[in-house]
Amino acid sequence: MVATTADLASSETVKNVFITGVQNAHALEKEALQLMQRQVERFENYPEMSQILKTHIAETEGQVRRLDEILHTFGEDRSILKDMATQFMANMAAAGHMPMADEVIKNTFANHAFENFEIAAYTSLIAMAEASGHQRFVPALEETLREEQKTAQLIRDQIVPITQKYLMREAQGLKADL
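This structure is a prediction, so every number in the text was calculated from the model and none was measured. (Residues numbered from 1 in each chain as written. Predicted model: local features only at pLDDT ≥ 70, side-chain atom pairs only at ≥ 80, totals over all residues. Heavy atoms only, no water.)

1. Some words on the overall build of the chain
From N to C terminus, the chain includes six helices and zero strands. Burial statistics for the chain: of 178 residues in total, 43% are counted as buried. Residue pairs in contact within the chain that sit at least 24 positions apart in sequence constitute 81% of those at least 6 positions apart. For the chain, the exposed surface amounts to about 9,200 Å²; the carbon and sulfur share of it is 60%. (Helix = DSSP H or I, 4+ residues; strand = E, 2+ residues; numbered from the N terminus. Buried < 20%, exposed > 50% of the residue type's maximum accessible area, 1.4 Å probe, protein only. Contact = heavy atoms within 4.5 Å. Areas by Shrake-Rupley, 256 points an atom, 1.4 Å probe, with all protein chains shown as cover.)

2. With respect to the packing of aromatic side chains
Taken as a whole and assessed by the stated rule, the structure comprises three aromatic pairs. Aromatic side chains Phe-18 and Phe-137 sit 6.1 Å apart centroid to centroid with 25° between the ring planes, which places their arrangement in the stacked category. With Phe-18 in helix α2 (residues 12–40) and Phe-137 in the loop between α5 (103–131) and α6 (138–171), this pair connects stretches of sequence that are 119 residues apart. Take Phe-137: its relative accessible area is 7%, and that puts it in the buried class. Residues Phe-74 and Phe-137 carry aromatic rings whose centres are separated by 5.6 Å and whose planes lie at 50° to one another, so their mutual orientation is tilted. Linking Phe-74 in the loop between α3 (47–73) and α4 (80–97) with Phe-137 in the loop between α5 and α6, this pair joins segments that are 63 residues apart in sequence. Look at Phe-74 and you get buried, because its relative accessible area is 18%. Site record: aromatic cluster; members linked through ring pairs are Phe-18, Phe-74 and Phe-137. Cation over ring: Lys-165 sits above Tyr-46, and NZ or CZ is 5.4 Å from the ring centre. (Phe/Tyr/Trp six-rings, centres within 6.5 Å; stacked < 30°, edge-to-face > 60°. Lys NZ or Arg CZ within 6 Å of the ring centre and 35° of its normal.)

3. A few points about the nonpolar core
Core analysis: the biggest nonpolar cluster contains 19 residues, and Met-36, Phe-43, Tyr-46, Met-49, Leu-53 and Val-104 have the highest contact counts within it. Of all elements in the fold, only α2, α3, α5 and α6 reach the threshold of two or more residues within this core. The leading source of residues in this core is α2, at six residues. In terms of nonpolar packing, the next biggest core, distinct from the first, is built from 18 residues, Ala-25, Leu-71, Ile-119 and Leu-145 among them. (Core = buried A, V, L, I, M, F, W, Y, C linked by side-chain atoms within 4.5 Å.)

4. Regarding α6
Between its first and last C-alpha, α6 extends 49 Å over 34 residues, near the 50 Å set by a 1.5 Å rise per residue. Maximal helix bending in α6 amounts to about 35°, located at Ile-159; proline Pro-161 follows within four positions. Phi for Gly-173, located one or two positions after α6, is positive at around 75°. (Expected span 1.5 Å × (residues − 1). Bend = angle between axes of the 7 residues up to and from the residue.)

5. Examining the packing of α2 against α3
It is at 9 Å that the axes of α2 and α3 come closest, and there the two elements cross at 155°. Relative to α3, the element α2 is oriented roughly antiparallel. For the element pair α2 and α3, the recorded crossing hand is left-handed. The class makeup of the residues in the contact of α2 with α3 is 13 nonpolar, eight polar and five charged. (Axes fitted to C-alpha atoms, helices over the stretch in contact; angles between N-to-C directions. Parallel < 35°, antiparallel > 145°, perpendicular 65-115°, else oblique. Left-handed = near helix turned anticlockwise from the far one by under 90°. Nonpolar A, V, L, I, M, F, W, Y, C, P; charged D, E, K, R; others polar.)

6. Notes on the packing of α3 against α6
For the pair α3 and α6, the least separation of the axes is 10 Å and the interaxial angle reads 165°. On the basis of the axis angle, α3 is roughly antiparallel to α6. Note that α3 runs across α6; the crossing there is left-handed. In terms of residue class, the contact of α3 with α6 is made up of 10 nonpolar, five polar and eight charged.

7. Here's the deal with the environment of Tyr-122
Along the chain, Tyr-122 turns up in helix α5. Here the alpha-carbon distance between Tyr-122 and Arg-146, two residues 24 residues apart in the chain, equals 9.6 Å. Residues contacting Tyr-122, with those up to four places away along its chain left out, are Ala-25, Glu-29, Leu-67, Leu-141, Thr-144, Leu-145 and Glu-148.

Dropping the structure here:
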């Protein structure tokens, strides 16, 4: 028997998958905050990227609040274990690029990839919200999706300028990494 849309909307399992997805997104956003906060502290020679990250940190804090609101609607809370694990991974990832001479370039690539991962996660969450009959959460999730898409594009647009600036600084014997 093939499940219908009505079957999915009434399924407790589908609802639980959606709630788990929201908890995962919450942990993902906490990881993003850790990554961006570590990088902003170090992007002294690349103010364009620093500004993109500062703006997105504020957006991400709003995204976390929206996710908290969705979870509270179900009487649920974030997964502290997932939040802690992803924040630890973010700190390790940020530290992993620090000794690299081209840290700024690697961080730019990683940030672009991370934003696209978030785009996929929110696209999936929107589909889950719709399938589980929780369309009322779609506008908040779409708002976050738009923010992630905008930030991904801003970072993508900085790949060439940051690479060029890095090369110029390196060729001039200046501090080029960050």
